[in-house]
Amino acid sequence: MGRLAILAWAFLGLLLLSADAEPQRRVALVIGNGTYAEAGTLANPVNDALDIADKLRSIGFEVIEGNDLGKRELERKIGEFSDALQGAGAGLFYYAGHGLQVDGRNYVVPVDARLDMPVKLQLEAVPIDEVLDIMEQQTKVSLVFLDACRNNPFARSLSRSATTRSATALAGLAQFDSTRGSFIAFSTAPGAVAMDGTGRNSPFAAALLRHIAEPGQSINDMMIAVRRDVVSQTREAQRPWEQGSLLERFEFVPGGGPVLSPKVAAAPAPAPQVAALERSVGDDKASIEKFLRQDYLAPDTRAMADTVRRLYGSSASIFGTRYDAAAILKMKADWFAQWASWSLGLEPGSLEITPHGEDRADAAFAMRYDYVPKDKSAARLTGKARVTLGLVKAEDGWRIESETSQAVQ
């Protein structure tokens, strides 16, 4: 029943597929460091990391995350990430915060770092290439996103204290010497400084959030769209850059149709317009909660085709894989055939709504589940999962366009 327990985390067992049909696991480590003991506070890294982590979960990644980590905590998270990568098809490392390069080697800076002398670098900072090595040894596809070259006081203090025989710290990050089956994206060009941003997210993180979940888009096309957005938002002061050696096409959200062309970035909405948008979707939170309670968590199992049509429309992306209504209907019917009774419930106070336009929103919440099997010898499935749904508003109510979940202990 271990396999069924995992499948129960997703809504109504829609991922009950044969082993050869399951997509390979994708695992991400997402870190945001903003509150530094020796370098003040960056406003957005933790926001960036939280939002990227949620977005990755919504497209099927298992996410290990940590924010404002000291060196020991950071190393423990990297160890946890290494364990989780076993058997995964793809690994992803996202870091937001201070980073620096010394003699061409890139480092993540923990929040408790004291880098007043170059000799302390090995003791206080974490080399990024060590994380990359862990990923490359265990997965076919290694993805790294570094929003880590923000204006860095550590680089200035290290450069002032450097001697002719010591390491010289430079602003920005350096290119990596070599990559094997990897794709590394920098928030700005090598050696340049990235912006923290004046809104909730940095320009780079905001652009990633807009484009990473577009179906059928290759990672290379995604970065073109991200670069256009960042260049436009920063008035050409910041230009994302990437290097890589992937041996095959990678899509964050596979799509059955033709590859989508990158979208030209729209100008950021003025603050009053953003506030009005948030109020608009916020006012609709009651309708989303009603949709979850009356439809998503209490489907009519006697009219499965109507249920799937009402909840998902013609298709939906589930754990990063897009299924048409017929496939969803079959999986759902097969799932319910196993249970004598079942119940799903919304954990009070857990619903969080994130608007993405007038007719789109993400809904994240804790779901309680309890399945009683028809087979008396089988184990009962009960527990709690964190569910993230990408919602779009249709003429007659909300529809699910993406869905993922993760177990909650």
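Residues numbered from 1 in each chain as written. Predicted model: local features only at pLDDT ≥ 70, side-chain atom pairs only at ≥ 80, totals over all residues. Heavy atoms only, no water.

Enquirer: Explain the overall build of the chain here, please?
Expert: Check the secondary structure of the chain and you find 12 helices and 19 strands. The buried share of the chain, reckoned over its 409 residues, is 50%. Look at the contacts in the chain between residues 6 or more apart in sequence, and 71% of them connect residues 24 or more apart. (Helix = DSSP H or I, 4+ residues; strand = E, 2+ residues; numbered from the N terminus. Buried < 20%, exposed > 50% of the residue type's maximum accessible area, 1.4 Å probe, protein only. Contact = heavy atoms within 4.5 Å.)

Enquirer: Looking at this structure, I do not really get empty space enclosed by the protein. What am I missing?
Expert: Vacant regions in the atomic arrangement are exposed by a probe of water-molecule size rolled over the atoms. Across all of its chains, the model carries 1 cavity of 30 Å³ or more by this definition. Computed from the structure, the largest cavity encloses a volume of approximately 30 Å³. Every element with two or more residues in the lining of the largest cavity is listed here: helix H2 (45-58) and strand E5 (90-96). Residue composition of the lining of the largest cavity, grouped by class: 7 nonpolar, no polar and no charged. (1 Å grid on protein atoms, 1.4 Å probe; cavity = no way out; pocket = protein on both sides within 12 Å on 5 of 7 lines; lining within 4 Å. Points joined across faces, edges and corners; volume = space filled by probe spheres on them. Nonpolar A, V, L, I, M, F, W, Y, C, P; charged D, E, K, R; others polar.)

Enquirer: Help me understand the packing of H2 against helix H7 (residues 203-211) in this model?
Expert: Think of two packed helices as two axes; the pair is described by the angle between the axes and how far apart they sit. Remark: H2 packs on H7, axes separated minimally by 10 Å, with the N-to-C direction vectors making an angle of 15 degrees. In terms of their interaxial angle, H2 and H7 are classed as roughly parallel. Considering the relative orientation of H2 and H7, their crossing is left-handed. On H7, the residues that touch Asp48, Asp51, Ile52 and Lys55 of H2 are Ala205, Leu208 and Leu209. The class makeup of the residues in the contact of H2 with H7 is 4 nonpolar, no polar and 3 charged. (Axes fitted to C-alpha atoms, helices over the stretch in contact; angles between N-to-C directions. Parallel < 35°, antiparallel > 145°, perpendicular 65-115°, else oblique. Left-handed = near helix turned anticlockwise from the far one by under 90°.)

Enquirer: Looking at this structure, how should I read the side chain of aspartate 362?
Expert: Within the secondary structure, aspartate 362 sits in strand E17 (residues 360-373). Once residues lying within four places of it in the same chain are set aside, the contact partners of aspartate 362 are Lys55, Glu352, Ile353, Thr354, His356, Leu389 and Gly390.

Enquirer: Explain the packing of aromatic side chains here, please?
Expert: The description of an aromatic ring pair uses the distance of the two centres, along with the angle that the planes make with each other. This structure, assessed with the given rule, holds 10 aromatic pairs. Pairing phenylalanine 186 with tryptophan 241 gives two aromatic rings, centres 5.2 Å apart and planes at 45 degrees, and the pair type is tilted. Taken together, the positions of phenylalanine 186 in strand E11 (residues 182-186) and tryptophan 241 in strand E12 (residues 241-244) put the pair 55 residues apart, joining distant regions of the chain. An aromatic cluster of three or more residues is present, and its members are Phe61, Phe145, Phe250 and Phe252. (Phe/Tyr/Trp six-rings, centres within 6.5 Å; stacked < 30°, edge-to-face > 60°.)

Enquirer: Would you explain the environment of threonine 382 in this entry?
Expert: Mapped onto the secondary structure, threonine 382 falls in strand E18 (residues 381-394). For threonine 382, the residues in contact, after removing those within four places along its chain, are Tyr369 and Asp370. Here the side chain of threonine 382 touches tyrosine 369 through a polar contact of 3.3 Å, landing on its backbone oxygen. (Polar contact = N/O pair within 3.5 Å; in protein donor to acceptor, adjacent residues only side chain to side chain.)

Enquirer: What is the right way to read the side chain of aspartate 370 from this model?
Expert: By the secondary structure assignment, aspartate 370 is in strand E17. Overall, the relative accessible area of 18% leaves aspartate 370 in the buried class. At 2.6 Å, the side chain of aspartate 370 and the side chain of arginine 380 are in polar contact. If we ignore the near neighbours within four places in the chain, the residues touching aspartate 370 are Ser341, Trp342, Ser343, Arg380, Leu381 and Thr382.

Enquirer: Can you walk me through the sheet that holds E12 in this structure?
Expert: By way of backbone hydrogen bonds, the strands of a sheet pair with one another, either parallel or antiparallel. If you walk across this open sheet you meet the 6 strands as E4-E1-E5-E9-E11-E12, and the pairing is mixed. The open sheet terminates on both sides in strands that have one partner only, identified here as strand E4 (62-67) and E12. Pairs of neighbouring strands in the sheet enclose a mean axial angle of 10 degrees, with direction left out of account. Relative to the sheet, helix H3 (residues 71-84) contacts strand E1 (26-32), E4 and E5, its axis offset from that of E1 by approximately 170 degrees. (Pairing = 2+ DSSP bridges.)

Enquirer: Teacher, can you tell me more about unusual backbone geometry here?
Expert: Peptide bonds are trans in most cases, and residues, glycine excluded, mostly fall at negative phi. Of note in this structure, arginine 235 is not a glycine but carries a positive phi near 55 degrees. Arginine 235 sits in the exposed class, given a relative accessible area of 77%.

Enquirer: What's the story with the environment of tryptophan 342 in this structure? I'm lost.
Expert: Take tryptophan 342: it is sitting in strand E15 (residues 339-346). For the pair tryptophan 342 and aspartate 370, spaced 28 residues apart in sequence, the C-alpha separation works out to 5.5 Å. Those residues in contact with tryptophan 342 that sit more than four places away from it in its chain are Leu297, Pro299, Thr301, Phe336, Asp370 and Tyr371.

Enquirer: So what exactly am I meant to see when it comes to helix H12 (residues 325-336) here?
Expert: For the α-helix, the turn length of 3.6 residues means that residues three or four positions removed from each other point alike. Helix length check: H12, at 12 residues, gives a terminal C-alpha distance of 16 Å against a target of 16 Å (1.5 Å per residue), a fit within 8%. Those residues of H12 lying buried are Ile328, Met331, Lys332, Trp335 and Phe336. Viewed end-on, H12 has its buried residues packed into an arc of 125 degrees, placing them on one side of the element. In this structure, H12 carries Ala326 and Lys330 as exposed residues pointing more than 90 degrees from its buried face. (Expected span 1.5 Å × (residues − 1). Arc of directions from axis to C-beta.)

Enquirer: Just checking my understanding: could you explain the pattern of salt bridges for this structure?
Expert: Charged atoms that come close allow side chains of opposite charge to pair. Evaluated as defined, the whole model comprises 22 salt bridges. Each of the salt bridges in this network shares a partner with another, and the network as a whole consists of Asp54, Arg57, Glu65 and Arg386. (Salt bridge = Lys/Arg side-chain N within 4 Å of Asp/Glu carboxyl O.)

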